[in-house]
Amino acid sequence: MPAAPALDDDVLLNIFSYLHGPLALKVALCSKRFYRLARPRIAAVADCHSPKDLEGLRDFMLSGDPPRATELDDVSISIFTFDYPPEANVSYSDYWDFSQAPLIADILEAAPRVRHIGFERLHPCLDVDERIGPAIAAMTRLRTADFATIGDGTLQRIGPLSASLHTLRLAYFWADDDDLEACGETKTVAGLCAALAPLHNLRALDVWTFDPAREEWAEAAATVARYRFPSLRTLRLISTCPSALDLVECCPGLEHLLFDLDAGLDEAQPLRDGPRWPPIPKLTVTRPIESGCVLHRVGPVSCIESLGDLVVGDEDDGEALENLLALLELTNPLRLSLAVRVAQSGPIAFWERVAAAAPRLQVLELKLTLASLRIEYKHWLDNVPDTLWPLRQLRHLSVVVPHAPTIQPTVPRADAFANPYAATQKYYADARELEEYRAVSLNALPGRLAWALPSLQYISVAAGEINMANVGGSPDEGPPEGIRLPLFLRQGRPHVDRDMVVGYWKVVQDGRGRWAMQMEKREGERMQDFADTTCWSAG
């Protein structure tokens, strides 16, 4: 057997830090030196997913001298740890059994070196064994923490978390959780801020189902005036209400804000009036219509990302468009990422208004999906270059076209009943024609974009593969004869998504005019990263 590489111990420790469990054990058995370096990684990770797991985990972690738990680096307690066994036959209201929470407390008390902890159903476990809170607070090396089923009282009972904490994810209790609200548990901005105050190195905060209790605006203003979190760079508020956005005022160094409003909170307290927020490099909204709740507070933003579809055409949502345009006018971003669901055969008409609202816009990422497979939408991609023509200052353009949806085109009810076979054949014929023409449109798209937008320098087009369900093909055998993939799809350059491939082009101007020259993948990705970084740093 060849000798081990002559690597320093610190290099090997860094390599072994990626191992745990059986893999670390195999490495530790290779030599005395490797045993000394890799042994702590054998018990470094503990994932608990059932009551039986918990019993065995507790016995294993507390065995040895010192206990193996002293070497724990990562511990996760899943919700299924508290699941009753199937033979218990309990009703849903009593579905969770927290009687084994003392076993968790035993493990955590012996594990002060933990750097990541994930703990679901935290509050009910604290009710059973109060030792859990101080044990978590004693983890002085903690870098990442994920807590679910919590309230203000939960955070108080844990006590101050480690000042070394870098990332914190909190999922507050909600309607279908244990009825903590009936027990007097609350969700308030003041309670959350008090828990965050000692975390001087916190960089990222994710908060789910946080709908703070109603309070007077003067009281809310006084609360946020008392706290500042200068280290916080990323704030994600998911399934929340507008008043939770008061946290933004406490984060002067914020670089990325994501908020997702809970559609079920129709009577939620709105975001109070106040000073406009300082510049934020990136703002992400999950649905365009949600832009309206921050229009009176948002300041300059370099990059705006809208994740949900903006519907144009037969199902047009005018309020969502108006809110988005108002947000663009207030923030004047350099980069816009927008998802559009097309439900019309004609061109998209709002780009002239986008150009007027955001004259600085230089980078556009446009995700286009077809609302339904209707033959009258055949030329929907051909309209894209002409509709984007008002964006004359655009330099980088990314177009993402997922594969066509598996949706039946509208067939008159009488025809479907009279001759269902003919209706089905028409469906496949229409779908096949749409797929064939989609390939033609995608091949021509880069060149037409280069010609239509005089300031454009770089183009990327990502496209989904053929939807075999629409053309009678199969994933194993491929599309039926006669349907060809676009050229850059056939080259098979992988995109970030498994079923997407991407091509990159540089716009060249010479004696032949403006045309698109395809780039190598590495060069294209480098230019895409450069465009994103430039927009980010400009903020």
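Further up the page is the structure itself.
Throughout what follows, the structure given in this document is the object of discussion. Values in this document were obtained by computation on a predicted structure and should not be read as measured data. (Residues numbered from 1 in each chain as written. Predicted model: local features only at pLDDT ≥ 70, side-chain atom pairs only at ≥ 80, totals over all residues. Heavy atoms only, no water.)

1. Some thoughts on the overall build of the protein
Part 1 of the reasoning: Summing up its helical and strand segments, the protein has 18 helices and 16 strands in all.
Part 2 of the reasoning: Of all intrachain contacts in the protein linking residues separated by at least 6 positions in sequence, the fraction that spans at least 24 positions is 70%.
Part 3 of the reasoning: On the protein, roughly 25,800 Å² of surface is accessible, and the fraction owed to carbon and sulfur atoms is 54%. (Helix = DSSP H or I, 4+ residues; strand = E, 2+ residues; numbered from the N terminus. Contact = heavy atoms within 4.5 Å. Areas by Shrake-Rupley, 256 points an atom, 1.4 Å probe, with all protein chains shown as cover.)

2. Re the pairing of strand β11 (residues 335-343)
One face of the sheet, then the other: side chains in a regular strand alternate in exactly this way.
Part 1 of the reasoning: Of all nine residues in β11, eight are buried; the element is thus mostly enclosed.
Part 2 of the reasoning: Taken together, the nine bridges between strand β10 (residues 301-313) and β11 define a ladder with parallel strand orientation. The partner of V311 across the bridge, within β11, is R341.
Part 3 of the reasoning: Two elements, β11 and strand β12 (residues 363-370), share eight bridges in a ladder whose sense is parallel. Directly across from R335, in β12, lies its bridge partner V363.
Part 4 of the reasoning: Read as a crossover between parallel neighbours, the route from β11 over helix α12 (residues 351-357) to β12 is right-handed. (Buried < 20%, exposed > 50% of the residue type's maximum accessible area, 1.4 Å probe, protein only. Pairing = 2+ DSSP bridges. Right-handed = clockwise from strand over helix to strand, strands pointing away.)

3. Let's talk about unusual backbone geometry
Part 1 of the reasoning: Geometrically, the link from D65 to P66 is a cis peptide bond, its omega value of 5° lying close to zero.
Part 2 of the reasoning: Structurally, P66 is set in the loop between α4 (51-61) and β2 (74-77).
Part 3 of the reasoning: Despite not being glycine, S239 has its phi angle at roughly 55°, a positive value.
Part 4 of the reasoning: Turning to its location among the elements, S239 is positioned in strand β7 (residues 234-240).

4. Digging into a nonpolar patch on the surface
Part 1 of the reasoning: Together, L7, V11 and I15 line one region of the surface with nonpolar side chains, adding up to about 200 Å² of accessible area.
Part 2 of the reasoning: Residue classification places L7 among the partly exposed positions, given a relative accessible area of 31%. (Patch = residues over 30% accessible without salt bridge, like charges linked within 9 Å, V, L, I, M, F, W, Y side chains within 5 Å. Salt bridge = Lys/Arg side-chain N within 4 Å of Asp/Glu carboxyl O.)

5. Considering the nonpolar core
Part 1 of the reasoning: Counting residues in each nonpolar core, the largest one holds 125 residues, and the members touching the most others are I117, F119, F147 and L168.
Part 2 of the reasoning: No other element matches the six residues that helix α11 (residues 318-331) contributes to this core.
Part 3 of the reasoning: Excluding residues that lie within four positions of it along the chain, F119 makes contacts with I77, F82, I104, L108, C125, I132, I136, D146, F147 and A148.
Part 4 of the reasoning: In terms of nonpolar packing, the next biggest core, distinct from the first, is built from nine residues, A24, V27, A28 and F34 among them. (Core = buried A, V, L, I, M, F, W, Y, C linked by side-chain atoms within 4.5 Å.)

6. Thoughts on the packing of α4 against helix α5 (residues 101-109)
Part 1 of the reasoning: As a packed pair, α4 and α5 sit with axes 10 Å apart at the nearest point and diverge in direction by 30°. For the element pair α4 / α5, the angle class is roughly parallel. Crossing geometry of α4 relative to α5 is assigned as left-handed. Contacts between α4 and α5 pair L54, E55, L57, R58 and M61 from the former with L103, I104, D106 and I107 from the latter. (Axes fitted to C-alpha atoms, helices over the stretch in contact; angles between N-to-C directions. Parallel < 35°, antiparallel > 145°, perpendicular 65-115°, else oblique. Left-handed = near helix turned anticlockwise from the far one by under 90°.)

7. Points about the pattern of salt bridges
Part 1 of the reasoning: Scanning the entire structure with this criterion turns up 26 salt bridges.
Part 2 of the reasoning: For R335, the salt bridge goes to E365, with nearest N and O atoms at 3.0 Å. With R335 in strand β11 and E365 in strand β12, this pair connects stretches of sequence that are 30 residues apart.
Part 3 of the reasoning: Residue class for R335 comes out buried when judged on its relative accessible area of 10%.
Part 4 of the reasoning: Members of the salt-bridge network, linked through shared partners, are R58, D59, D106, E109, D129 and R131.

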